[in-house]
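Fold and geometry: a report
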Amino acid sequence: ERAIELCGMAMPKLLASVANGSRSVVACRARKDQKAQLLQLIRRRVPGSVCLGIGDGANDVAMLKAAHVGVGIIGKEGAQAVNNSDIAIGQFRFL
């Protein structure tokens, strides 16, 4: 949790460089604001990147809005992720 915050604020160029050298970036166990910040950083600093956000609850709304494409998963946590996404699916396995 603290690693994303530290890298994103203190070393954004380094984090963007690592993201640019990767085929994909996956963030898990991050706070809701960190998910959105990571996507915004990658969108700004990695040219040609396409960000996909996948979420199933209200805590994922900021990330879904920050992504180029937001996928909301219909689930037990309510409909907020689905209402704020570009695409809605019934289960993660449908990706």
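Residues numbered from 1 in each chain as written. Predicted model: local features only at pLDDT ≥ 70, side-chain atom pairs only at ≥ 80, totals over all residues. Heavy atoms only, no water.

A few points about the overall build of the protein
Across its full length, the protein carries 5 helices and 3 strands. In sequence order, the protein lays out its α and β elements as α-α-α-β-α-β-α-β. The C-alpha atoms of the protein give a radius of gyration of 13 Å, which matches the 12 Å a tight globule of 95 residues would have. Seen along its three principal axes, the alpha-carbon backbone of the protein occupies a region of about 35 × 25 × 20 Å. Expressed as a percentage of its 95 residues, the buried residues of the protein come to 32%. (Helix = DSSP H or I, 4+ residues; strand = E, 2+ residues; numbered from the N terminus. Rg over C-alpha atoms; globule rule 2.2 N^0.38 Å. Buried < 20%, exposed > 50% of the residue type's maximum accessible area, 1.4 Å probe, protein only.)

Description of the pairing of strand β1 (residues 52–55)
With burial as the criterion, only one face of β1 is covered, namely that bearing Gly53 and Gly55; the residues Leu52 and Ile54 on the opposite face remain uncovered. Alignment of β1 against strand β2 (residues 69–73), held across 4 bridges, turns out to be parallel. Directly across from leucine 52, in β2, lies its bridge partner valine 69. Once the chain exits β1 it traverses helix α4 (residues 61–66) before rejoining the sheet at β2, and the crossover so formed is right-handed. (Pairing = 2+ DSSP bridges. Right-handed = clockwise from strand over helix to strand, strands pointing away.)

Focus: the side chain of glutamine 34
Along the chain, the position of glutamine 34 falls in helix α3 (residues 32–45). Polar contacts involving the side chain of glutamine 34 include one to the main-chain amide nitrogen of arginine 31, which spans 3.0 Å. (Polar contact = N/O pair within 3.5 Å; in protein donor to acceptor, adjacent residues only side chain to side chain.)

Overview of the nonpolar core
Counting 14 residues, the largest nonpolar core has Leu39, Ile42 and Val46 as the members making the most contacts within it. Broken down by secondary-structure element, the contributors of at least two residues to this core are α2 (12–20), α3 and α4. The element that contributes the greatest number of residues to this core is α3, accounting for 5 residues. Not counting chain neighbours up to four residues away, the residues in contact with valine 46 comprise Ala16, Ala19, Asn20 and Leu41. (Core = buried A, V, L, I, M, F, W, Y, C linked by side-chain atoms within 4.5 Å. Contact = heavy atoms within 4.5 Å.)

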